[in-house]
There are 2 protein chains.
Amino acid sequence: MGVKLSACAVYTIMIQMLRRLEEAHTRLKDIVNITPVMTSRSLDRITNNTCFLKCENFQRAGTFKFRGAYNALSQLSSEEKKRGAITHSSGNHAQALALAGSLLGIGITVVMPGNAPTIKVAATKGYGAKIVTCGSHPTDREKVAFSLVKKHGYAFIHPSDNLEVIAGAGTAAYELIKHVPKLDRILCPVGGGGLMAGTAIATTTLLPSAKIIGVEPKNADDAYQSFKSGHIIRAQNPNTIADGLRTSLGPNTFRIIREKVDQIVTVSEDEIVKAMRFIWERMKLVVEPSGAVSLAGLLSKQTDLQSKKTGVIISGGNVDLEDFFARIQKT
Amino acid sequence: MGVKLSACAVYTIMIQMLRRLEEAHTRLKDIVNITPVMTSRSLDRITNNTCFLKCENFQRAGTFKFRGAYNALSQLSSEEKKRGAITHSSGNHAQALALAGSLLGIGITVVMPGNAPTIKVAATKGYGAKIVTCGSHPTDREKVAFSLVKKHGYAFIHPSDNLEVIAGAGTAAYELIKHVPKLDRILCPVGGGGLMAGTAIATTTLLPSAKIIGVEPKNADDAYQSFKSGHIIRAQNPNTIADGLRTSLGPNTFRIIREKVDQIVTVSEDEIVKAMRFIWERMKLVVEPSGAVSLAGLLSKQTDLQSKKTGVIISGGNVDLEDFFARIQKT
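Residues numbered from 1 in each chain as written. Chains lettered and ligands numbered in written order. Predicted model: local features only at pLDDT ≥ 70, side-chain atom pairs only at ≥ 80, totals over all residues. Heavy atoms only, no water.

Attention now moves to the overall build of chain A. When helices and strands are counted, chain A shows 14 helices and 10 strands. In terms of overall size, chain A behaves like a compact globule, its C-alpha atoms giving a radius of gyration of 19 Å where 331 residues would be expected to give roughly 20 Å. Counting only C-alpha atoms, chain A reaches 65 × 55 × 40 Å along its principal axes. Within the span of chain A, comprising 331 residues, buried residues form 58% of the whole. Counting contacts in chain A only where the partners sit at least 6 residues apart, residues at least 24 apart contribute 74% of the total. On chain A, roughly 13,300 Å² of surface is accessible, and the fraction owed to carbon and sulfur atoms is 51%. Taking the average place of the 41 positive charges on the side chains of chain A and the average place of its 28 negative ones, the gap between the two points comes to 2 Å. (Helix = DSSP H or I, 4+ residues; strand = E, 2+ residues; numbered from the N terminus. Rg over C-alpha atoms; globule rule 2.2 N^0.38 Å. Buried < 20%, exposed > 50% of the residue type's maximum accessible area, 1.4 Å probe, protein only. Contact = heavy atoms within 4.5 Å. Areas by Shrake-Rupley, 256 points an atom, 1.4 Å probe, with all protein chains shown as cover. Lys, Arg positive; Asp, Glu negative; His and termini not counted. Charge placed at Lys NZ, Arg CZ, Asp CG, Glu CD.)

The following block contains the structure:
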């Protein structure tokens with residue numbers, strides 16, 4: 001069975017999701033950072049575009065993830081809020097959910113693999129979340145999380161495939177589209193697909209003429225493969241520096257992306273590092289590798305629009321600078 | 001003879017300088033980047049202040065220096081413009097003057113010590129300036145520059161002690177004061193004193209109730225010593241990571257700072273690195289060590305104002321990331 005839906009069904013889903021997204025925007029606008037849109041003369045010259053970078057590295061807890069996490073948590077019933085919420089994540093969703101939980105007074109439990117980076121574990125604990133350690137196989141974390149859901153009645157907040165997480169993530173593109181009129185296209189990184197799906201909903205409904213382009217690391221091109229083949233293909237231990245994009249699409253994100261994204265392009269590890277370097281050195285922004293992937297897609301010149309107004313979603317800025325500062329301190 | 005001027009003479013100088021500064025603002029407002037003012041909940045919590053960072057790391061050529069360089073060059077006579085301009089600098093002023101010259105069609109020569117960092121030489125050349133190499137002793141560069149002024153009739157644009165450079169530099173604080181109403185104090189790094197003097201002029205005339213605080217590395221505390229003693233004491237081969245602040249005050253910057261700055265505090269190398277790290281990791285901004293010195297002053301808690309609105313001038317973001325990216329690329 002294919003996943004192609006009738007035009008009418010797709011329209012209904014989109015209208016519903018737009019409503020969720022607009023509600024999310026109203027709910028979040030005084031809670032999230034309305035992140036700045038940055039420009040660069042050098043970037044415009046190099047790309048022969050006018051580029052607008054939506055800088056979610058300036059978001060609370062360092063990435064766009066805070067939008068979806070807060071949006072989802074804030075809609076739990078008072079009973080659910082009392083019982084608490086749980087997720088599995090070794091990275092940005094963990095920190096975002098922990099911060100959102102602390103702001104809303106909701107107890108948060110995060111299942112993390114034992115080999116998760118110390119700095120991320122510390123940041124998540126710093127926001128007051130309880131950490132439960134699991135094995136490093138991708139299915140381990142789900143098993144542990146679901147056993148705790150069963151035992152304690154926690155609400156499970158999926159990092160990307162939850163509709164309220166998608167709607168919250170989409171508020172970044174919503175703000176960008178309201179801030180910069182008449183963009184010709186929007187580029188967005190694809191991992192689990194929450195940000196991409198949210199961006200697609202915002203763009204397709206508010207700016208239907210714009211092209212929606214996903215960018216994914218070549219070394220974790222499961223969304224690209226899924227998009228082409230028409231069914232979800234899961235990433236198998238992908239090896240990419242863009243650690244936020246190693247996850248796979250879920251049923252909800254896949255459906256929205258498949259229907260509404262125009263193109264997914266992939267970029268090499270070298271292209272990701274070069275884009276990241278450009279953003280740091282020329283634009284003076286600290287971004288994480290995943291956060292630079294959308295710009296890498298633009299710089300790779302695989303898309304066909306020249307002399308256009310291009311929106312680029314920079315997803316986050318959580319990067320471990322331990323080594324860098326240790327070296328500086330020694331000099 | 002002391003340098004203390006009569007109240008009337010000081011008033012006249014300030015009024016003249018404010019006029020220059022307002023003219024500079026009008027001249028520059030469509031040329032410079034009107035840099036953003038960034039805030040941070042964590043920073044406010046830690047300092048018990050409401051902090052507003054004026055981010056000159058986002059300025060053209062990476063630092064506030066572009067403001068003064070463009071302001072000074074644009075006022076040369078057409079004869080002077082034809083002959084070209086010269087400066088000595090191993091750092092940010094060189095790049096700023098080179099870019100301003102390229103925009104104004106003025107040939108720029110920069111005298112640089114032979115041991116200047118390759119990356120800075122390349123950036124200055126990249127903007128089209130001619131580089132003349134000199135010895136590494138501080139007086140060498142002046143000798144070479146003045147011999148070329150004599151030979152070619154170049155206009156000499158001092159990195160900090162030129163009144164139009166000071167007025168241009170002051171437009172950063174001018175923008176900050178217009179953007180954020182009723183600041184209680186402004187912190188600014190002190191090197192050659194151009195930014196400090198310009199900030200003092202803007203603040204003392206537009207916001208007379210605000211306290212003006214200079215911050216200097218302990219290891220290059222010549223301005224602090226000069227401020228205390230009442231005469232210029234020059235830095236002797238200062239050893240600080242804040243390479244933009246190794247220079248000494250000149251007659252103009254000293255006079256303005258001595259009259260109008262309320263306090264100069266000094267910070268250790270460790271405090272500078274810690275402040276820089278905070279800005280990178282928590283605020284996601286790439287700043288150079290000199291650019292973090294003003295925040296280091298605030299974090300050092302040597303100033304007596306609590307629960308106040310504090311403006312912090314972040315002077316620039318030109319830092320060599322070669323090592324960092326080389327390491328990333330290998331992983």
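After presenting the structure, the write-up continues.
Residue and element names in this part refer to chain B. If you walk across this open sheet you meet the six strands as β1-β2-β10-β7-β8-β9, and the pairing is mixed. Edge strands, defined here as strands with exactly one partner in the open sheet, are β1 (37-38) and β9 (263-267). The sheet contact formed by strand β2 (residues 50-55) and strand β10 (residues 309-314) spans six bridges and is parallel. Following the sheet pairing, Thr50 is matched in β10 by Lys309. Strand contacts of helix α9 (residues 194-206): β7 (185-189), β8 (211-217) and β10, with the helix running at about 165° to β7, the strand carrying the most contacts. (Pairing = 2+ DSSP bridges. Axes fitted to C-alpha atoms, helices over the stretch in contact; angles between N-to-C directions.)

Another point: the domain arrangement of chain A. The parts lose accessible area when they come together, and the size of an interface is often stated as this lost area. Residue and element names in this part refer to chain A. Considered domain by domain, chain A is made up of domain 1 (7-62 + 163-314) and domain 2 (65-156). Domain 1 and domain 2 are separated by 24 Å when their C-alpha centres are compared. Listed per partner, the contact involves 23 residues of domain 1 and 16 residues of domain 2. Summed over both sides, the interface of domain 1 with domain 2 buries roughly 1,500 Å², with 54% coming from carbon and sulfur. Of all residues in domain 1, Arg27, Arg60 and Ala61 bury the most surface against domain 2, accounting for 34% of the area lost on that side. At the boundary of domain 1 and domain 2, one finds three salt bridges. Residues Arg67 and Glu56 are paired through a salt bridge, measuring 2.6 Å at the closest nitrogen-oxygen approach. Counting every contact that joins domain 1 to domain 2 gives nine residue pairs in polar contact (both at pLDDT 80 or more). (Domains from an automatic or database assignment. Buried area = accessible area lost by both parts, 1.4 Å probe. Salt bridge = Lys/Arg side-chain N within 4 Å of Asp/Glu carboxyl O. Polar contact = N/O pair within 3.5 Å; in protein donor to acceptor, adjacent residues only side chain to side chain.)

This paragraph deals with the packing of aromatic side chains. Summed over the entire model, instances satisfying the criterion amount to seven aromatic pairs over all chains. Residues Phe146 of chain A and Phe156 of chain A carry aromatic rings whose centres are separated by 4.9 Å and whose planes lie at 50° to one another, so their mutual orientation is tilted. A residue pair is termed long-range when its members are at least 10 positions apart, and Phe146 of chain A in helix α7 (residues 138-152) and Phe156 of chain A in strand β6 (residues 155-156) qualify at 10 residues. Ring centres of Phe325 of chain A and Trp280 of chain B lie 5.5 Å apart, and the angle between their planes is 85°; this geometry places the pair in the edge-to-face category. Placement of the pair is Phe325 of chain A in helix α14 (residues 322-330) and Trp280 of chain B in helix α12 (residues 269-281), with the two residues belonging to separate chains. Accessibility classification places Phe325 of chain A together with Trp280 of chain B in one group, the buried group. (Phe/Tyr/Trp six-rings, centres within 6.5 Å; stacked < 30°, edge-to-face > 60°.)

For these two chain copies, the linking operation is a rotation about an axis paired with a shift along it. The two copies are related by a screw motion: chain B maps onto chain A through a turn of 180° and a shift of 0.0 Å along the axis, at an RMSD of 0.0 Å. One copy is carried onto the other by what is essentially a two-fold rotation axis. For chain B, the smallest separation between a C-alpha atom and the rotation axis is recorded for Leu285 of chain B, amounting to 2.5 Å. When the interface residues of chain B are mapped onto chain A, 100% of them again fall at the interface, so both copies present the same face. (Least-squares fit on C-alpha atoms with pLDDT ≥ 70 in both.)

So, about the pattern of salt bridges. Pairing of side chains with opposite charge becomes possible as their charged atoms draw close. Taken as a whole and assessed by the stated rule, the structure comprises 22 salt bridges over all chains. The partner of Lys29 of chain B in a salt bridge is Asp30 of chain B, with the nearest N and O atoms 4.0 Å apart. A cluster of three or more residues bridged by salt bridges with shared partners is formed by Lys54, Glu56, Arg67 and Glu175 of chain A.

All names here are of chain B. Here helix α5 (residues 92-104) spans 18 Å end to end across 13 residues, near enough to the 18 Å set by a 1.5 Å rise per residue. Counted residue by residue, α5 has 10 buried out of 13 residues, so it is predominantly covered. Close packing links the buried residues of α5 with α3 (65-74), β3 (85-88), β4 (108-113) and α6 (118-126). Phi turns positive one or two residues past the end of α5, at Gly105, with a value near 70°. (Expected span 1.5 Å × (residues − 1).)

In a regular helix each residue adds 1.5 Å, so 13 residues correspond to 18 Å; helix α12 (residues 269-281) of chain A covers 18 Å between its end C-alpha atoms and thus fits that length. Turning to α12 of chain A, its buried residues are Ile272, Val273, Ala275, Met276, Arg277, Phe278, Ile279 and Trp280 of chain A.

The next point concerns the pairing of strand β3 (residues 85-88) of chain A. Residues and elements named next belong to chain A. Neither face of β3 is exposed, since Ala85 and Thr87 on one face and Ile86 and His88 on the opposite face are all buried. Across four bridges, β3 lies against strand β4 (residues 108-113) in parallel orientation. Each residue of the ladder has a partner; that of Ala85, found in β4, is Ile108. With helix α5 (residues 92-104) bridging β3 and its parallel neighbour β4, the resulting β-α-β unit is right-handed. Relative to β6, β3 runs parallel, the two being bridged by two bridges. Counted as the bridge partner of Ile86 is Phe156 from β6. (Right-handed = clockwise from strand over helix to strand, strands pointing away.)

The next thing to look at is the nonpolar core. One finds Trp280 and Leu285 of chain A together with Trp280 and Leu285 of chain B to be the most contacted residues of the largest nonpolar core, which totals 72 residues. Formed by 65 residues, the second largest nonpolar core is a distinct cluster that contains Ile131, Cys188, Ile201 and Ala223 of chain A. (Core = buried A, V, L, I, M, F, W, Y, C linked by side-chain atoms within 4.5 Å.)

As a further point, take the sheet that holds strand β9 (residues 263-267) of chain A. Strands belonging to one sheet form pairs held by backbone hydrogen bonds; the direction of such a pair is parallel or antiparallel. All names here are of chain A. Judged by pairing direction, the sheet is mixed, and its six strands sit side by side in the order β1-β2-β10-β7-β8-β9 without closing on themselves. Looking at which strands have only one partner, the edges of the open sheet turn out to be β1 (37-38) and β9. Strand direction decides the pairing type here: strand β8 (residues 211-217) and β9, joined by five bridges, are parallel. By the bridge assignment, Val215 is partnered in β9 with Val265. Those strands touched by helix α9 (residues 194-206) are β7 (185-189), β8 and β10 (309-314), and its axis lies near 165° from that of β7.

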